[in-house]
Amino acid sequence: MRYIIMSRRTIFLFAAAVVMLYFSIILFMLSPLHGTKSAYYGNNYMNHFGFRQIPSVNWCHELRWQSPPSPHVVALASYPGSGNTWFRYLLQQATGIVTGSVYMDYGLRVHGFPAENVTDGSVLVVKTHEAPPAHSDKFKSAILLIRNPRDAILADFNRLHKGHIGTAPKSAFKRISHDKKTEWWWHVRREVVSWEALHRAWLAGFRGALLVLRYEQLAEDPGPPLQAALAFLNRTVPQESLECALANKEGIYRRRNKHQNFDPFTPQMYELLDAAQARVAGLVARRTRDVTTRPPTRA
């Protein structure tokens, strides 16, 4: 009898551990970038689960859906690590209209981006890291946000290891793969090709109206790129809304550089990066010269 009682207790403890693990995974998926936040869908949103509080985002407007929905869906395209989430945040701050995504990021969905996985005209723009659909006119126009390949590839490596705003430890850059080369080496070799291919697809293959923005210009002075995007989207916002967005430009969606004076790139890597960047710069110049970019027409 004692053996049976102990077995039931063991089963109970095992079941309890499984339940705790399940809810831990759920909480991890819903936790944001670096911690959790309750007040993201408007300044009065409360955390009904009673989890710990972290500093809130000061929204300039309570977020809302685009109404009536636009028949023209606008892509916000970029290579990962190029400031897409941050720029979505700035657009939401300036307009109060939610932005969508072709992805479902649960952490973002509950922390400032309720329209994750929404790709229709009820959102202002739709985030994508993909090439334009080959056999679809899903996107009538697009904003292409370009960041130099060095910083974009490094940012994406950080994201893969530590999420949207975390930084990979230095040890991650030294981890050896099966062929005695570092995982970082393989990441750069693979992603520099992906970086160039994505921009080539939008610059040379997309036939809709296209606005090209530089991340470096956005980071230096967000005002002009944000105003250019709003004009492209045929969105007129009050001056106080623009000023509020710029006053709260940092938000919580930008990664801080924790490794000062640390450069994981080799001279050979820089050769690959420089060559790819030069080819894409040529495509940008050609697109600017050959295609007249115009904002989408709203119904």
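Before reading further, recall that the structure is shown in the block above.
Parameters and conventions
Residues numbered from 1 in each chain as written. Predicted model: local features only at pLDDT ≥ 70, side-chain atom pairs only at ≥ 80, totals over all residues. Heavy atoms only, no water. Helix = DSSP H or I, 4+ residues; strand = E, 2+ residues; numbered from the N terminus. Buried < 20%, exposed > 50% of the residue type's maximum accessible area, 1.4 Å probe, protein only. Polar contact = N/O pair within 3.5 Å; in protein donor to acceptor, adjacent residues only side chain to side chain. Contact = heavy atoms within 4.5 Å. Pairing = 2+ DSSP bridges. Phe/Tyr/Trp six-rings, centres within 6.5 Å; stacked < 30°, edge-to-face > 60°. Lys NZ or Arg CZ within 6 Å of the ring centre and 35° of its normal.

Participant: Sorry if this is basic, but what is going on with the side chain of Asn84 here?
Facilitator: In this fold, Asn84 is placed in helix α2 (residues 84–95). Taking relative accessible area as the criterion, Asn84 reaches 3% and is therefore assigned buried. A polar atom in the side chain of Asn84 sits 2.9 Å from the backbone oxygen of Leu76. Among the polar contacts made by the side chain of Asn84, one reaches the side chain of Ser78 at a distance of 3.1 Å. In this structure Asn84 touches Leu76, Ala77, Ser78, Lys127, Thr128, His129 and Leu145, once residues within four positions along its chain are discounted.

Participant: Can you help me understand the sheet that holds strand β4 (residues 141–146) in this one?
Facilitator: The strands making up a sheet associate through hydrogen bonds between their backbones, and the pairing can be parallel or antiparallel. One open sheet accounts for 5 strands, arranged β2-β3-β1-β4-β5; its pairing is parallel. A single partner strand is all that each edge strand has here, and the edge strands are β2 (100–101) and β5 (209–214). In terms of strand pairing, β2 meets strand β3 (residues 126–128) through 2 bridges, oriented parallel. In the sheet register, Ser101 faces β3, and the bridge partner there is Lys127.

Participant: Just to check I follow, could you spell out the pairing of β4 for this structure?
Facilitator: The two faces of a sheet get side chains in turn, since along a regular strand they alternate between them. Counting buried residues along β4, 6 of its 6 residues qualify, which places the element largely inside the surrounding structure. Burial along β4 is two-sided: the face carrying Ser141, Ile143 and Leu145 and the face carrying Ala142, Leu144 and Ile146 are both buried. With 6 bridges joining them, β4 and β5 adopt parallel strand pairing. By the bridge assignment, Ala142 is partnered in β5 with Leu210.

Participant: Mind showing me how you'd approach the packing of aromatic side chains here?
Facilitator: Two descriptors summarise a pair of aromatic rings, namely the distance from one centre to the other and the angle between the planes of the rings. Enumeration over the complete set of coordinates arrives at 8 aromatic pairs. Here Trp59 and Tyr89 contribute two aromatic rings whose centre-to-centre distance is 5.5 Å and whose plane-to-plane angle is 50 degrees, an arrangement assigned as tilted. Taken together, the residues span a long stretch of sequence, with Trp59 in the loop between α1 (2–30) and β1 (74–78) and Tyr89 in helix α2 at a distance of 30 residues. Each of the two residues, Trp59 as well as Tyr89, counts as buried. On the numbers, 5.6 Å between centres and 45 degrees between planes, the contact of Phe265 with Tyr270 is tilted. Note on Tyr270: relative accessible area 24%, which makes it partly exposed. Through a chain of ring-to-ring contacts, three or more aromatic side chains come together here, namely Phe157, Trp184, Phe265 and Tyr270. Against the face of Trp185 rests Lys181, its NZ or CZ located 4.4 Å from the ring centre.

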